[in-house]
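# Observations on the three-dimensional arrangement
Spelled out from the first residue to the last, the chains are:
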Amino acid sequence: MGVKNTGIENILGESVVLTRAESILNWARKWSLFQFPFVTACCGMEFMSVYGPHYDAARFGAEYPRFSPRQADLLFVVGTISHKQLPILKNVYDQMSDPKWVISFGACASSGGFYNNYATVQGIDTVIPVDVYIPGCPPRPEAIMDAIIKLQDKIQHEKYQSRKSYPDLGKNNKPGGENE
Amino acid sequence: MSKIVLDKVLRKFPDDIIDSHSYVGNETVIIKKEALLKVCSFLKDNRQLMIDMLVDLTCVDYPQETERFMMVYHFYSTENKYRIRIKAPVSEEEPFIDSLTSIWKNANWPEREVYDMYGVKFNDHPDLTRILMYEEFEGHPLRKDYPITKRQPIVGPLN
């Protein structure tokens, strides 16, 4: 994978594969994305179809939902997030253990969609960091699979310890469950 | 078709009627808010009309009117297929009206919604708390004078 032509292949033959630790770690991570579905709205229908047998997200190693955030790597935020719902989402994100990734699924989660009103959060990235945004209202299953592939690509190229803790975006926005 | 309901209400409560109209099947009576309970009891208990369903209740905000809020109640008879709409104005200074929960139990949640969105308070309601917005929310978002860009996030920045 990473290391080439060191000459050691000639000695060992095909019995050993050489790579970098970072590379194999990222490779393992990107094919075992345990996802937590945070499904709140109509985008859930498209989400279900992708995770059903027809489109089969299992091909990307990302099919297995964990309904405890502590066991999940990938947070799928699917649908409209209201201000009332946001503390729960924040809590779920804080409870996930590192390394963790977030996919913002659909127009509402990404930007509020057409709900620009008193109730709706104008994009979850105002509170938690997002790795991949999927546009669409709701997105096509192909777009979702594209997002998973893009996230895998991103994970493969991550540097060891390059993930930073997310910035303090708001006055009450402290990790550690102060908003419970 | 529901003209008979309208006529009965008009005959029974002549002193409490503010206005009424009947147009393409829309029978509407506007009554004083003090008479709400007795009019609704009459509709429910009348054996001839058999109004057995409170379809919905809601509120409309007319900021330019002297009595700002207009409560709207829709009733239906599954037996006779009668529909009747009762309206009652409520002022901003005294935003109180009797709760229908003593007559119609399903009025509970719609009345909480009206309280949440418009701030109309219901006398003798069993649990008059916000139903959709969070506890920390200040004001009533469907009032016309609620600023359209005003946000009250619990977590995170204004956006």
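About the criteria used
Residues numbered from 1 in each chain as written. Chains lettered and ligands numbered in written order. Predicted model: local features only at pLDDT ≥ 70, side-chain atom pairs only at ≥ 80, totals over all residues. Heavy atoms only, no water. pLDDT = per-residue confidence, 0-100. Patch = residues over 30% accessible without salt bridge, like charges linked within 9 Å, V, L, I, M, F, W, Y side chains within 5 Å. Areas by Shrake-Rupley, 256 points an atom, 1.4 Å probe, with all protein chains shown as cover. Salt bridge = Lys/Arg side-chain N within 4 Å of Asp/Glu carboxyl O. Buried < 20%, exposed > 50% of the residue type's maximum accessible area, 1.4 Å probe, protein only. Pairing = 2+ DSSP bridges. Helix = DSSP H or I, 4+ residues; strand = E, 2+ residues; numbered from the N terminus. Axes fitted to C-alpha atoms, helices over the stretch in contact; angles between N-to-C directions. Contact = heavy atoms within 4.5 Å. Expected span 1.5 Å × (residues − 1). Parallel < 35°, antiparallel > 145°, perpendicular 65-115°, else oblique. Left-handed = near helix turned anticlockwise from the far one by under 90°.

### With respect to the confidence of the model for chain B
Summing up the model confidence of chain B, the mean pLDDT is 89 and the portion of residues at 70 or higher is 97%. Confidence estimates for the predicted assembly give a pTM of 0.79 and an ipTM of 0.78.

### Some points on a nonpolar patch on the surface
Together, Ile-24, Leu-25, Trp-27 and Trp-31 of chain A line one region of the surface with nonpolar side chains, adding up to about 370 Å² of accessible area. The class of Ile-24 of chain A is partly exposed, set by a relative accessible area of 38%.

### Quick notes on the sheet that holds strand 1 (residues 35-39) of chain A
All names here are of chain A. Across the sheet, four strands lie side by side as 1-2-3-4; this open sheet has parallel pairing. Of all strands in the sheet, those with a lone pairing partner are strand 1 and strand 4 (132-134), marking the two edges. Within the sheet, the average angular offset between the axes of one strand and its neighbour, ignoring direction, is 15 degrees. Bridging between strand 3 (residues 101-105) and strand 4 involves three bridges; their strand directions are parallel. By the bridge assignment for strand 4, Phe-105 is matched with Ile-134.

### Quick word on unusual backbone geometry
The peptide bond linking Cys-137 of chain A to Pro-138 of chain A adopts the cis configuration, its omega dihedral lying at -10 degrees. When you line up the elements, Pro-138 of chain A lands in the loop between strand 4 and helix 6 (141-156). At Asp-56 of chain A, a residue that is not glycine, the phi angle is positive and equals roughly 60 degrees. Note that Asp-56 of chain A resides in the loop between helix 3 (43-51) and strand 2 (74-78). On the basis of relative accessibility, which here comes to 29%, the residue Asp-56 of chain A falls in the partly exposed class. You will see that Asp-124 of chain B, though not glycine, has its phi angle at about 65 degrees, which is positive. Mapping Asp-124 of chain B onto the fold places it in the segment after strand 7 (121-123).

### Digging into the pattern of salt bridges
Counted by the stated rule, this structure contains eleven salt bridges over all chains. In this structure, the salt-bridge partner of Lys-154 of chain A is Asp-131 of chain A, at a minimum N-O distance of 2.8 Å. Of this pair, Lys-154 of chain A sits in helix 6 while Asp-131 of chain A sits in the loop between helix 5 (106-111) and strand 4; the two residues are 23 residues apart in sequence, bridging distant segments of the chain. Residue Lys-154 of chain A is classed as partly exposed on the basis of its relative accessible area of 34%. Asp-131 of chain A sits in the buried class, given a relative accessible area of 19%. Shared partners join several salt bridges into a network, and the residues in it are Asp-61, Arg-68, Glu-92 and Asp-145 of chain B.

### A look at the sheet that holds strand 5 (residues 83-90) of chain B
Residues and elements named next belong to chain B. Spatial strand order, 1-2-5-4-3: five strands in an open sheet with mixed pairing. Whereas interior strands pair on both sides, the edge strands pair on one side only; in this sheet they are strand 1 (17-23) and strand 3 (53-61). Looking at each pair of strands side by side, their axes are set apart by 20 degrees on average, direction ignored. Two strands pair when backbone bridges link them, and strand 1 and strand 2 (residues 26-31) are joined in this way by six bridges, in the antiparallel orientation. Each bridged residue has a counterpart across the sheet, and for His-21 the counterpart in strand 2 is Thr-28. Contacting strand 1, strand 2 and strand 5, helix 1 (residues 3-12) crosses the sheet at an angle of about 165 degrees to strand 1.

### Comments concerning helix 6 of chain A
All names here are of chain A. For helix 6, with 16 residues, the first-to-last C-alpha span of 23 Å sits near the 22 Å given by 1.5 Å per residue. Taken together, the buried positions of helix 6 are Pro-141, Ile-144, Met-145, Ala-147, Ile-148, Leu-151, Gln-152, Ile-155 and Gln-156. Where the residues of helix 6 are buried, they touch helix 2 (21-30), helix 3, strand 2, strand 3 and strand 4.

### Some thoughts on the packing of helix 3 of chain A against helix 6 of chain A
All names here are of chain A. Packing of helix 3 against helix 6 brings their axes to within 9 Å, and their N-to-C directions diverge by 70 degrees. By the angle class used here, helix 3 and helix 6 are roughly perpendicular. Helix-helix and strand crossings are classified by hand; for helix 3 and helix 6 the assignment is right-handed. In contact with Glu-46, Ser-49, Val-50 and Tyr-51 of helix 3, helix 6 contributes Pro-141, Ile-144 and Ile-148.

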